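# Architecture and fold: a report
Below, each chain spelled out in residue letters.
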Amino acid sequence: MTASFLLKGILIGLLFGIPVGAVGTMAAQRAFSHGFGAGLKTGLGSSAADCLYAVCGAFGLTFVSDFLLKYQTVIHAVGGSLILAMGLHLILKKREKTDLEEQTGGGIKMFLSSFAVGKENNRAWQP
């Protein structure tokens, strides 16, 4: 009986811990392809984007929010294009055996790409 509750609890925890959305999928894909560190760097980029939005909201930076509201269509188009380009690149690229850092472009590239996608996916600025 107790083991049943434990297994149910683990299953519920795993279901709520599954990444959703473009950034979560990107983090999971990179973690499976390139290891834990790559997934962590990708997740940190998205978290930094969310933190930036939270800081802007908490401190009432209206000029930032006005800019984002004014150009949200352009920001969404650029972010959507980035996601589309990354997906097409993954589909069309040939599998080559190279060094991990050369193949992934390093941690900074992983961080910045998820930061850009995380900013595009954040819906907190829509009226």
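Refer to the structure presented above.
Source: prediction; values computed, not measured.

About the criteria used
Residues numbered from 1 in each chain as written. Predicted model: local features only at pLDDT ≥ 70, side-chain atom pairs only at ≥ 80, totals over all residues. Heavy atoms only, no water. Helix = DSSP H or I, 4+ residues; strand = E, 2+ residues; numbered from the N terminus. Buried < 20%, exposed > 50% of the residue type's maximum accessible area, 1.4 Å probe, protein only. Axes fitted to C-alpha atoms, helices over the stretch in contact; angles between N-to-C directions. Parallel < 35°, antiparallel > 145°, perpendicular 65-115°, else oblique. Left-handed = near helix turned anticlockwise from the far one by under 90°. Contact = heavy atoms within 4.5 Å.

Okay, the environment of Ala28 next. Inspection of the secondary structure assignment puts Ala28 in helix α2 (residues 21-34). Since its relative accessible area comes to 24%, Ala28 is described here as partly exposed. Separated by 14 residues in the primary sequence, Ala28 and Thr42 have C-alpha atoms spaced 8.9 Å apart.

Helix α3 (residues 36-58) packs onto α2 with a crossing angle of 160° between their chain directions and a minimal axis gap of 6 Å. Relative to α3, the element α2 lies roughly antiparallel. Remark: the crossing between α2 and α3 carries right-handed chirality. Residues Val23, Met26, Ala27, Arg30, Ala31 and His34 of α2 form the contact with α3, whose own contacting residues are Phe36, Ala38, Gly39, Thr42, Gly43 and Ser46.

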